[in-house]
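Chain and residue survey
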Amino acid sequence: MKYLKHFTEKAKKHECSRSHLDSSLKLNFFGRLSIAEQLNEGYRIGIRKHNEEVTRNRHILSRIVDCVKFCGAFEVALRGHDESESSDNPGIFRGLVDFVASLDHALKEHLENATVFKGTSKTVQNELLDCMLSVVREQIIK
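Now for a look at the structure at hand. The structure presented is a predicted model; accordingly, all values stated were derived computationally and were not measured. (Residues numbered from 1 in each chain as written. Predicted model: local features only at pLDDT ≥ 70, side-chain atom pairs only at ≥ 80, totals over all residues. Heavy atoms only, no water.)

**Considering the nonpolar core**
Where we set the bar: By nonpolar core is meant a set of buried Ala, Val, Leu, Ile, Met, Phe, Trp, Tyr and Cys residues that side-chain atoms within 4.5 Å join together. Working definition: with a 1.4 Å probe on protein chains only, accessible area under 20% of the residue-type maximum means buried, over 50% means exposed, and in between means partly exposed. Helix numbers and strand numbers start at the N terminus; a helix is a DSSP run of H or I with at least 4 residues, a strand a run of E with at least 2. By definition in these notes, contact holds between two residues if any of their heavy atoms fall within 4.5 Å.
Ranked by size, the top nonpolar core spans 16 residues in total, and within it I64, C67, F93, L107 and L128 carry the most contacts. Put simply, the parts of the chain that give this core at least two residues each are helix 3 (35–73), helix 4 (92–103), helix 5 (105–113) and helix 6 (122–141). In terms of residue count, the dominant contributor to this core is helix 3 (six residues). Excluding its chain neighbours within four sequence positions, the residues that come into contact with L107 are I60, R63, I64, V97, V100 and A101.

Here is the structure:
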C-alpha cells in the first residue's frame with residue numbers, strides 16, 4: 001500500500017517523460033509504416049548517431065591538438081620521464097591534457113572510458129606533430 005501512496009504523482013511525471021512520449025508515438029505508428037519507411041527511419045537514426053560521435057571525436061581531438069600547440073608555442077617538451085598513469089610527474093603535455101580535462105567534461109569522460117584511442121600516447125603525439133608540420137609546410141609553400 002505504501003507504494004501506491006505517490007502513484008498519481010509518479011504516473012503524471014512518467015507521462016511527460018521522453019521515453020513515454022517516444023513509446024506512445026511508436027505505438028500510434030505501429031503497423032502504419034511500411035518496412036521501407038521503418039528501415040529508412042532506422043538509417044536516419046544511425047546516421048544521426050554517427051554524426052554525433054564524429055562531432056564528439058573532433059572536439060576531443062581539437063582539445064588534444066590545442067595542448068600540443070600550447071607546448072610548442074612555449075617550447076616545452078611534450079613527454080616526461082615517466083608517463084604511466086600512476087606517475088607523479090607525467091610530463092607537461094600529460095599534465096596539460098589532465099588540466100583541460102578537468103575543465104572539459106567531454107574530454108574527461110573520454111580519457112576515463114576510452115579503450116582504443118586516448119590520444120596521449122607518444123605515437124599519437126608524434127603523429128600529431130607530423131600532421132601539424134605538414135600543415136605548416138603547405139602554408140609556407142602557398
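Now that the structure is up, let's keep going.
**Focus on helix 4**
Residues spaced three or four apart along an α-helix face the same direction, because each turn holds 3.6 residues. The criterion, for reference: A helix is expected to reach a length of 1.5 Å times the quantity of its residues less one. In this context, the arc is that of the directions from the helix axis out to the C-beta atoms.
The end-to-end C-alpha distance of helix 4, which contains 12 residues, comes to 17 Å, matching closely the 16 Å that a straight helix rising 1.5 Å per residue would cover. Burial in helix 4 covers these residues: F93, R94, L96, V97, V100 and A101. With its buried residues spanning 160 degrees around the axis, helix 4 presents them on a single face. Among the exposed residues of helix 4, those oriented more than 90 degrees off its buried face are F99, S102 and L103.

**Details of the packing of aromatic side chains**
This is how it is decided: What counts as a ring pair is set by centres within 6.5 Å for rings of Phe, Tyr and Trp (its six-membered ring), and what kind of pair is set by the plane angle: stacked under 30 degrees, edge-to-face over 60, tilted for all other angles.
Evaluation of the coordinates by the stated rule reveals one aromatic pair. Ring centres of F70 and F74 lie 4.8 Å apart, and the angle between their planes is 45 degrees; this geometry places the pair in the tilted category. Take F70: its relative accessible area is 40%, and that puts it in the partly exposed class.

**With respect to the pattern of salt bridges**
Keep this limit in mind: Each salt bridge in this description consists of a side-chain nitrogen of Lys or Arg and a carboxyl oxygen of Asp or Glu lying within 4 Å of one another.
Counted by the stated rule, this structure contains four salt bridges. Ionic pairing is found between D66 and K69, a salt bridge with its closest N-O pair at 4.0 Å. Here D66 pairs with K69, and both are found in helix 3, just three residues apart, close to one helical turn. Of the residues examined, D66 reaches a relative accessible area of 35% and is grouped as partly exposed. According to the relative accessible area criterion, K69 is partly exposed, its value standing at 46%. One continuous salt-bridge network, built from bridges that share partners, spans R63, D66, K69 and D104.

**Some details on unusual backbone geometry**
With phi around 50 degrees, E75 is a residue other than glycine that occupies positive phi space. Within the secondary structure, E75 sits in the loop between helix 3 and helix 4.

On their own, these measurements won't tell you what the molecule is for.
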